[in-house]
Amino acid sequence: MPEADKEGERYQAGVPQAAPGFFLKGCHQLDWGMKNRLARTFNPQSGRTVMLAIDHGYFQGPTSGLERIDLSILPLLPSCDALFCTRGILRSIVPADSQKPMVLRASGGPSILRDELSDEQIAMDMEDAVRGHAGDGRHGGRQEHGT
């Protein structure tokens, strides 16, 4: 058994493995990929983020002054931590070499035709989400039964 004792010393069995926490409250048990995406989106010192949300035209119709995303929104990218956009904006306007995290809107519905804006369903294939380099899109309100 002396050989087994020496093997244990080599692997430092007496030193407990470090289990690093995570700076966002309630997120320490998430999988590595989700924590990695959140760490790129949120500031580790403050736990806050500046997310530029430009998915409004998707559920409220065209927004006056935002018809040219390339001229009105893209110059703001350096000032935000993440961009929240639709698949169409991502594919047609956002440069592919952008290093900003993207939050892709994957839900939709007849929200401008009804009083309840949150009555939505998934409006995108998983393949489209992957092509848009989407991560884990966990979200949803009480009415978003399909998301």
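Let us look at the structure shown here. Just so it is clear, the structure is predicted and the values come from calculations on it, not from any experiment.

Criteria and thresholds
- Residues numbered from 1 in each chain as written.
- Predicted model: local features only at pLDDT ≥ 70, side-chain atom pairs only at ≥ 80, totals over all residues.
- Heavy atoms only, no water.
- Phe/Tyr/Trp six-rings, centres within 6.5 Å; stacked < 30°, edge-to-face > 60°.
- Buried < 20%, exposed > 50% of the residue type's maximum accessible area, 1.4 Å probe, protein only.
- Core = buried A, V, L, I, M, F, W, Y, C linked by side-chain atoms within 4.5 Å.
- Helix = DSSP H or I, 4+ residues; strand = E, 2+ residues; numbered from the N terminus.
- Salt bridge = Lys/Arg side-chain N within 4 Å of Asp/Glu carboxyl O.
- Contact = heavy atoms within 4.5 Å.
- Polar contact = N/O pair within 3.5 Å; in protein donor to acceptor, adjacent residues only side chain to side chain.

### Things to note about the packing of aromatic side chains
No. 1: Taken as a whole, this structure holds one aromatic pair when the rule is applied.
No. 2: Aromatic pair Phe22 and Phe23: ring centres 4.8 Å apart, planes at 35°, arrangement tilted.
No. 3: What makes Phe23 partly exposed here is its relative accessible area of 30%.

### Topic: the nonpolar core
No. 1: Residues Leu52, Ile54, Ile73, Leu83, Cys85, Ile89 and Val94 are the most contacted members of the largest nonpolar core, which totals 15 residues.
No. 2: Those elements that provide at least two residues to this core are strand 2 (82–85) and helix 5 (87–92).

### Here's the deal with the pattern of salt bridges
No. 1: Under the counting rule described, the total for this entry stands at three salt bridges.
No. 2: For the salt bridge of Arg68 with Asp70, the shortest nitrogen-to-oxygen distance reads 2.7 Å.
No. 3: Arg68 sits in the partly exposed class, given a relative accessible area of 47%.
No. 4: A salt bridge links Asp128 to Arg87; the shortest N-O distance between them is 2.5 Å.

### A few points about the environment of Arg40
No. 1: Examined against the element boundaries, Arg40 turns out to sit in helix 2 (residues 32–41).
No. 2: The sequence separation of Arg40 and Asp81 amounts to 41 residues, and the corresponding C-alpha distance is 8.1 Å.
No. 3: Residues within four places of Arg40 in sequence aside, it is in contact with Asp81 and Pro101.
No. 4: Within the local environment of Arg40, its side chain forms a polar contact with the side chain of Asn36, the two groups lying 3.2 Å apart.

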